[in-house]
There are 2 protein chains.
Amino acid sequence: MRLSRPTVHPVQAPPTQAHAQGNADAAPFGVRMKNPQGVPGTLGGLGLRLAQASFAAASLATMASTRVFPSVSAFRYLIAAAILQCLWSLAVASVDIYALLVKRTLRNLKAACLFSVGDGITGSLTLSAACASAGVTCLIGSDVEMCEGNPCARFMAAVAMAFLSWFALAPSFLFNFGFMASRLARH
Amino acid sequence: MRLSRPTVHPVQAPPTQAHAQGNADAAPFGVRMKNPQGVPGTLGGLGLRLAQASFAAASLATMASTRVFPSVSAFRYLIAAAILQCLWSLAVASVDIYALLVKRTLRNLKAACLFSVGDGITGSLTLSAACASAGVTCLIGSDVEMCEGNPCARFMAAVAMAFLSWFALAPSFLFNFGFMASRLARH
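Here the structure is a predicted model, which means the values were calculated and not measured.

Peer 1: What should I look at first to understand the overall build of chain A in this one?
Peer 2: Scanning chain A from N- to C-terminus turns up four helices and zero strands. Ordered by position from the N terminus, the helices and strands of chain A form the series α-α-α-α. Within chain A, contacts between residues separated by at least 24 positions form 76% of all contacts whose residues are at least 6 apart in sequence. Total accessible area on chain A stands at roughly 10,800 Å², and carbon and sulfur atoms take up 67% of it.

This is how it looks when you write it as structure tokens:
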């Protein structure tokens, strides 16, 4: 306890940081005030997740509607990858909706680690399944020309939907991984 | 030139920064002293590049040695992707060797942007070509069982080499992209 306190303050101490002059609810120094659209917990991020889930569900439905898919490994793999992608995207979308409802941000290190690892796994599975199915579709459609007995158009549609799902996943992964790397580099 | 110099030093001034006590060639404050192995300009990064190039060259040679590869789109695509991967990895490896010889670091923003974009493009091409060829190889090998007239073992070896090349590429991409993201977040 300091016993001697001055009763007058002749000179006001200047603020040491730039943000000390602002309003009370300003972000602390070094933290951006607004999250960019596309990161988890924003409307853009929620839209990306819903696009991933819907494209994966469309790919799954289109491929499952063909009768020959159980006889080709790549098509079975595409079905499995699309199911996993759909479940993961819907799970993260529900977290996004919760964060939007309670108006909280999801930009912390643990969430970014979890999301980027999950996006990396499901993204590589979806891309590899889409590429494998595209290779088989090209083989059937143009290389040996066996499209008479096979629904080539449905194969192509399923592959295109899987690629679109992956294109919607890539920004989510890059946002989360970049945020994680920048946080890890700061600590 | 300071004209008045004290001849005695009664009190040594305390060092303001931790690194001021170290030797003369210490890194400035905020910069790590050693680059982690695996980033461009280190022996680990050079080893990764050489591994990528050699696996891609092995995949290319194995696939090109089969006589049926021009009749399948996915195998032609694998050849093209392996050529591109090999050229890119050798080009970056020569930059790494130069940086090692002149003892300079490659950890600046422009180099990281260039390397991560190039790694992303060649990596997605190599992965998609490997997956497409794997789908076709599975179709030929296990689904319709036509391995009598086709060199299935060579197809599998070429696909495995392409996957190994991609696995050697992934750490390079993640290092470069993470470094780029942390630098961009700081500015």
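Peer 1: Can you walk me through the interface of chain B and chain A in this structure?
Peer 2: The figure often quoted for interface size is the accessible area lost as the parts come together. Listed by partner, the interface residues are 23 residues for chain B and 23 residues for chain A. Across the chain B to chain A interface the summed buried area is about 1,800 Å²; carbon plus sulfur atoms make up 72%. A per-residue breakdown of the area chain B buries against chain A is headed by L139, D143 and F177 of chain B, which together make up 23% of the total. Joining chain B to chain A, the criterion identifies zero salt bridges.

Peer 1: In this structure, what is going on with the environment of A153 of chain A? I would like to understand it.
Peer 2: Considering the arrangement of structural elements, one finds A153 of chain A in helix α4 (residues 152-186). Overall, the relative accessible area of 60% leaves A153 of chain A in the exposed class.

Peer 1: Is there a simple way to explain the nonpolar core in this structure?
Peer 2: Nonpolar side chains in soluble globular proteins tend to be buried together. If you look at the biggest cluster of nonpolar residues, it comprises 36 residues, and the most contacted ones within it are M63, F75 and V136 of chain A together with M63, F75 and V136 of chain B. With sequence-adjacent residues up to four places away left out, M63 of chain A is seen in contact with F69, F75, L78, I79, F155 and A158 of chain A. One finds A112 and F179 of chain A together with F177 and F179 of chain B within the second-largest nonpolar core, a separate group that totals 10 residues.

Peer 1: Looking at this structure, I do not really get the pattern of salt bridges. What am I missing?
Peer 2: Residues and elements named next belong to chain A. Taken as a whole and judged by the stated rule, the model has two salt bridges over all chains. A salt bridge links D119 to R49, with the shortest nitrogen-to-oxygen separation between them at 2.9 Å. Linking D119 in helix α3 (residues 109-143) with R49 in helix α1 (residues 43-64), this pair joins segments that are 70 residues apart in sequence. R49 sits in the buried class, given a relative accessible area of 2%.

Peer 1: Looking at this structure, how should I read the environment of L174 of chain B?
Peer 2: Residue and element names in this part refer to chain B. Looking at the element boundaries, L174 is found in helix α4 (residues 152-186). We classify L174 as partly exposed; its relative accessible area is 34%. Distance in space between the C-alpha atoms of L174 and C147 is 38 Å, their sequence separation being 27 residues.

Peer 1: Would you mind showing me how to read the relation of the copies chain B and chain A here?
Peer 2: Copy one and copy two of the chain differ by a rotation about a common axis and a shift along it. The two copies are related by a screw operation: chain B maps onto chain A through 180° of rotation and 0.0 Å of translation along the axis, at an RMSD of 0.0 Å. Accordingly, the operation relating the two chain copies is best matched by a two-fold axis. Most of the interface of chain B is mirrored in chain A, where 100% of its interface residues again form contacts.

Peer 1: What am I meant to see in the state of the cysteines here?
Peer 2: In a disulfide, the sulfur atoms of two cysteines are held together by a covalent bond. Residue and element names in this part refer to chain A. Tallying each qualifying case throughout the model produces two disulfides over all chains. The disulfide partner of C147 is C152, and the S-S distance across this bridge is 2.0 Å. Here the disulfide of C147 and C152 is left-handed, its torsion about the S-S bond being about -100°. Owing to a relative accessible area of 31%, C147 belongs among the partly exposed residues under this scheme. For C152, a relative accessible area of 6% gives the class buried. Counting only cysteine sulfurs, C152 is the nearest neighbor of C138, a cysteine outside any disulfide, at a range of 9.9 Å.

Peer 1: Would you take a moment to explain helix α3 (residues 109-143) of chain B for this structure?
Peer 2: Three- or four-residue spacings in an α-helix give side chains the same orientation, since the helix completes a turn every 3.6 residues. All names here are of chain B. Taking 1.5 Å per residue as the helical rise, α3 with its 35 residues ought to reach 51 Å, and the 48 Å between its terminal C-alpha atoms agrees with that figure. The N-cap residue of α3 is N108: its side-chain oxygen and the backbone nitrogen of K110 are 3.4 Å apart. Of the residues flanking the end of α3, it is E145, one or two places downstream, whose phi is positive at about 50°.

Peer 1: Where do I start with the side chain of S89 of chain A in this structure?
Peer 2: Residue and element names in this part refer to chain A. One can find S89 in helix α2 (residues 73-101). Here S89 falls in the buried class, since its relative accessible area comes to 0%. In this structure S89 touches R49, Q52 and A53, once residues within four positions along its chain are discounted.

Peer 1: Where do I start with a nonpolar patch on the surface in this structure?
Peer 2: Taken together, the side chains of I97, Y98, L101 and V102 of chain A make up a nonpolar region of the molecular surface, amounting to roughly 410 Å² of accessible area. Tracing the backbone shows Y98 of chain A in helix α2.

Peer 1: Where do I start with α2 of chain A in this structure?
Peer 2: The end-to-end C-alpha distance of α2 of chain A, which contains 29 residues, comes to 42 Å, matching closely the 42 Å that a straight helix rising 1.5 Å per residue would cover. In the stretch just after α2 of chain A, K103 of chain A is the one whose phi turns positive, near 55°.

Peer 1: How should I be thinking about the packing of helix α1 (residues 43-64) of chain B against helix α2 (residues 73-101) of chain B in this particular structure?
Peer 2: When two helices pack together, their arrangement is captured by the angle between the axes and the distance separating the axes. Residues and elements named next belong to chain B. Relative orientation of the contacting elements α1 and α2 amounts to 155°, with a least axis distance of 8 Å. What the angle tells us is that α1 and α2 run roughly antiparallel. Two packed elements cross with a definite hand, and for α1 against α2 that hand is left-handed. Class assignment for the residues of the contact of α1 with α2 results in 21 nonpolar, five polar and two charged.

Peer 1: Help me out: how do you make sense of unusual backbone geometry in this one?
Peer 2: Note on backbone geometry: most residues besides glycine have negative phi, and most peptide bonds are trans. Non-glycine residue K103 of chain A carries a positive phi angle of around 55°. Mapped onto the fold, K103 of chain A is located in the loop between α2 and α3.

Peer 1: Just checking my understanding: could you explain the packing of aromatic side chains for this structure?
Peer 2: Two aromatic rings, taken as a pair, are described by how far apart their centres are and by the angle between their planes. Here the structure, examined in full by the defined rule, presents seven aromatic pairs over all chains. On the basis of an interplanar angle of 25° and a centroid distance of 5.7 Å, the ring pair of F173 of chain A and F177 of chain A is categorised as stacked. Of this pair, F173 of chain A and F177 of chain A both sit in helix α4, four residues apart, which is roughly one turn of that helix. Feature note: the residues F173 and F177 of chain A together with F173 and F177 of chain B constitute an aromatic cluster, connected by ring pairs.

Calculation notes
Residues numbered from 1 in each chain as written. Chains lettered and ligands numbered in written order. Predicted model: local features only at pLDDT ≥ 70, side-chain atom pairs only at ≥ 80, totals over all residues. Heavy atoms only, no water. Helix = DSSP H or I, 4+ residues; strand = E, 2+ residues; numbered from the N terminus. Contact = heavy atoms within 4.5 Å. Areas by Shrake-Rupley, 256 points an atom, 1.4 Å probe, with all protein chains shown as cover. Buried area = accessible area lost by both parts, 1.4 Å probe. Salt bridge = Lys/Arg side-chain N within 4 Å of Asp/Glu carboxyl O. Buried < 20%, exposed > 50% of the residue type's maximum accessible area, 1.4 Å probe, protein only. Core = buried A, V, L, I, M, F, W, Y, C linked by side-chain atoms within 4.5 Å. Least-squares fit on C-alpha atoms with pLDDT ≥ 70 in both. Disulfide = S-S within 2.5 Å. Expected span 1.5 Å × (residues − 1). Polar contact = N/O pair within 3.5 Å; in protein donor to acceptor, adjacent residues only side chain to side chain. Patch = residues over 30% accessible without salt bridge, like charges linked within 9 Å, V, L, I, M, F, W, Y side chains within 5 Å. Axes fitted to C-alpha atoms, helices over the stretch in contact; angles between N-to-C directions. Parallel < 35°, antiparallel > 145°, perpendicular 65-115°, else oblique. Left-handed = near helix turned anticlockwise from the far one by under 90°. Nonpolar A, V, L, I, M, F, W, Y, C, P; charged D, E, K, R; others polar. Phe/Tyr/Trp six-rings, centres within 6.5 Å; stacked < 30°, edge-to-face > 60°.

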